[in-house]
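# Reading the structure
Here are the chains, one letter per residue:
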Amino acid sequence: MVLNYIWIAFFLIAFCIALVRLVFMGDTEVFPAIMNSTFDTSRTAFEISLGLTGVLSLWLGIMKIGEKGGVVNVLARMLSPVFSRLFPDIPKGHPVTGSIFMNVAANMLGLDNAATPLGLKAMEQLQELNPKKDTATNPMIMFLVLNTSGLTLIPVSIMVYRAQLGAAQPTDVFVPILLATFCSTVAGIIVTSLYQRINLFNRTMLLTLGGLSLAVATIIWGFSAMDKAQMNVVSTSVANILLMLIIVVFILAGMRKKVNVYDAFIEGAKDGFSTAVRIIPYLVAILVGIGVFRASGAMDMLIGGVKWGVEALGCNTDFVGALPTALMKPLSGSGARGMMVDAMTTYGADSFVGRLSCIFQGSTDTTFYILAVYFGSVGVRYTRHAVACGLLADIAGVIAAIAICYMFF
């Protein structure tokens, strides 16, 4: 229902603002711009779905090999102590825990092309456990919040954009992004746990969160000793080596179990096309709504209002120039990327605004896109507290990004 109200608000707010601009400001271009955005974004939604078809087929095929080879079950058993507390409604040892782990690991490595099909596979398995097929379950919501909080250890694309736009040290935002995205993820887990009354104060969860904190600190220490060239080479190499290693391990596991690996791959890959087709209407709906909101000028007015409020409180407004990236990120990944590039182009890649826009881009993920695609793929209509938890994690990431950027730069 929340998505329903948000989607309606996109159109009604856009129409009202456009009408004011036409009647009182004589802006005759605003309605053509809005209508053009509906055609452009609907075409973009289809292109995204079409582009996902091949990747979905590939990774759903690989996952099918992993299932038949027993790898997913092994991962499920290994993660059972942690997942049984974070996802108490999932039966212990269920294969979906392995799929969730694979998705989260791909996100952490910045492997978006692999993360999406793995996430869709996990959602299909969670839907099998769902007694009310049109309503999101607690495990579905926790899983989506882990995705929307955007935990990323290696933000390769952001560093590449900084290098292309002339940053003296493209990797100087690496540590701030890591800290901000970690804050966002932890906040998302805590908020969702409060909604679902999950007790995080137990030995297993405290050790897990402590271990993750130590791992993040170790990565920060290791990469801080590298120059920009080394960091880009190492991060890219590690991500791709691990991805290829997953494929090889799954195939070897299938061979060990005497599975016909090729047939298993084809069986899983067949689901890729049908899944891509299923998400088209949901993508069209959310992207057109976002496009109309942007084209009407509502986003610019929102940012202007925030700046006025901050100035009225007598606070520093240096961060306001980077807010378009933060506000766009929950709505559109490509839109936020464009805002980030625009901020670096306008203010300079090494400016406070340029750096903060990069930290915003890396601290969270595209909440509404993820909700639309993942819930749409399994036909869930009632999202319960998923939107609230996802947006609260986003807000935590934005606040952390601002504080960290002031601290570092």
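Criteria and cut-off values
- Residues numbered from 1 in each chain as written.
- Predicted model: local features only at pLDDT ≥ 70, side-chain atom pairs only at ≥ 80, totals over all residues.
- Heavy atoms only, no water.
- Helix = DSSP H or I, 4+ residues; strand = E, 2+ residues; numbered from the N terminus.
- Rg over C-alpha atoms; globule rule 2.2 N^0.38 Å.
- Buried < 20%, exposed > 50% of the residue type's maximum accessible area, 1.4 Å probe, protein only.
- Patch = residues over 30% accessible without salt bridge, like charges linked within 9 Å, V, L, I, M, F, W, Y side chains within 5 Å.
- Areas by Shrake-Rupley, 256 points an atom, 1.4 Å probe, with all protein chains shown as cover.
- Salt bridge = Lys/Arg side-chain N within 4 Å of Asp/Glu carboxyl O.
- Polar contact = N/O pair within 3.5 Å; in protein donor to acceptor, adjacent residues only side chain to side chain.
- Contact = heavy atoms within 4.5 Å.
- Expected span 1.5 Å × (residues − 1).
- Arc of directions from axis to C-beta.
- Phe/Tyr/Trp six-rings, centres within 6.5 Å; stacked < 30°, edge-to-face > 60°.
- Core = buried A, V, L, I, M, F, W, Y, C linked by side-chain atoms within 4.5 Å.

Once that is clear, we can look at the overall build of the chain. Assigned secondary structure in the chain consists of 17 helices and zero strands. Its C-alpha atoms give the chain a radius of gyration of 22 Å, near enough to 22 Å, the size a compact globule of 409 residues would have. Once the C-alpha set of the chain is aligned to its principal axes, its extents read approximately 70 × 45 × 40 Å. Counting all 409 residues of the chain, 53% fall into the buried class.

Together, Phe15, Leu19, Val20, Leu22, Val23, Phe24 and Met25 make up an exposed nonpolar region whose accessible area comes to about 720 Å². Within the fold, Leu19 resides in helix H1 (residues 2-25). Judged by its relative accessible area of 37%, Leu19 is partly exposed.

Residue position: Thr148 is located in helix H6 (residues 138-148). For Thr148, a relative accessible area of 1% corresponds to the buried category. A polar side-chain atom of Thr148 sits 3.3 Å from the main-chain carbonyl oxygen of Val145. Here Thr148 is in contact with Thr364, Asp365, Thr367, Ile370, Gly390 and Asp394, once residues within four sequence places are set aside.

With that settled, consider helix H12 (residues 298-312). Its 15 residues give H12 an end-to-end C-alpha distance of 21 Å, which sits within 8% of 21 Å, the value for a rise of 1.5 Å per residue. Within the span of H12, buried status applies to Ala298, Met299, Ile303 and Val310. On an axial view of H12, the arc spanned by its buried residues comes to 140°, and they lie on one face. Exposed residues pointing more than 90 degrees away from the buried face of H12 are listed as Asp300, Met301, Trp308 and Ala312.

To describe a pair of aromatic rings, you give the distance between the ring centres and the angle between the ring planes. This structure, assessed with the given rule, holds five aromatic pairs. Considering the side-chain rings of Phe352 and Tyr406, the 4.7 Å spacing of their centres and the 45° angle between planes classify their relative orientation as tilted. Taken as a pair, Phe352 in helix H15 (residues 352-363) and Tyr406 in helix H17 (residues 386-408) lie far apart in primary sequence, 54 residues in all. Judged by its relative accessible area of 17%, Phe352 is buried.

Right, let's get into the nonpolar core. Among the nonpolar cores identified, the biggest contains 84 residues, and Phe87, Leu356, Phe360 and Phe375 are the most heavily contacted of them. If sequence neighbours within four positions are ignored, Phe375 has contacts with Met123, Ala136, Met140, Leu144, Ile370, Val380, Thr383 and Ala386. Residues Leu75, Leu118, Ile247 and Val259 belong to the second largest nonpolar core, which totals 17 residues.

It is worth spelling out the side chain of Arg355 at this point. Residue position: Arg355 is located in helix H15. When residues no more than four places from it in sequence are discounted, the contact partners of Arg355 are Arg162, Asp172, Val173, Ala349, Asp350 and Phe409.

Here helix H4 (residues 96-108) contains 13 residues, and its C-alpha end-to-end distance of 18 Å stays within 8% of the 18 Å for a straight helix at 1.5 Å per residue. In terms of burial, H4 is a largely internal element, ten of the 13 residues being buried. Buried within H4 are the following residues: Val96, Thr97, Gly98, Ser99, Ile100, Met102, Asn103, Ala106, Asn107 and Met108.

A full pass over the atoms with the stated rule returns six salt bridges. One salt bridge in this structure joins Arg43 and Glu47, with 4.0 Å as the shortest N-O distance. Note that Arg43 and Glu47 are positioned in helix H2 (residues 30-69) at a spacing of four residues, about one turn of the helix. Looking at Arg43, the relative accessible area reads 45%, which means it is partly exposed. The salt bridge partner of Arg355 is Asp350, with a shortest N-O separation of 3.8 Å. According to the relative accessible area criterion, Asp350 is partly exposed, its value standing at 30%. If you follow the salt bridges from partner to partner, you end up with Asp40, Arg43 and Glu47 in one network.

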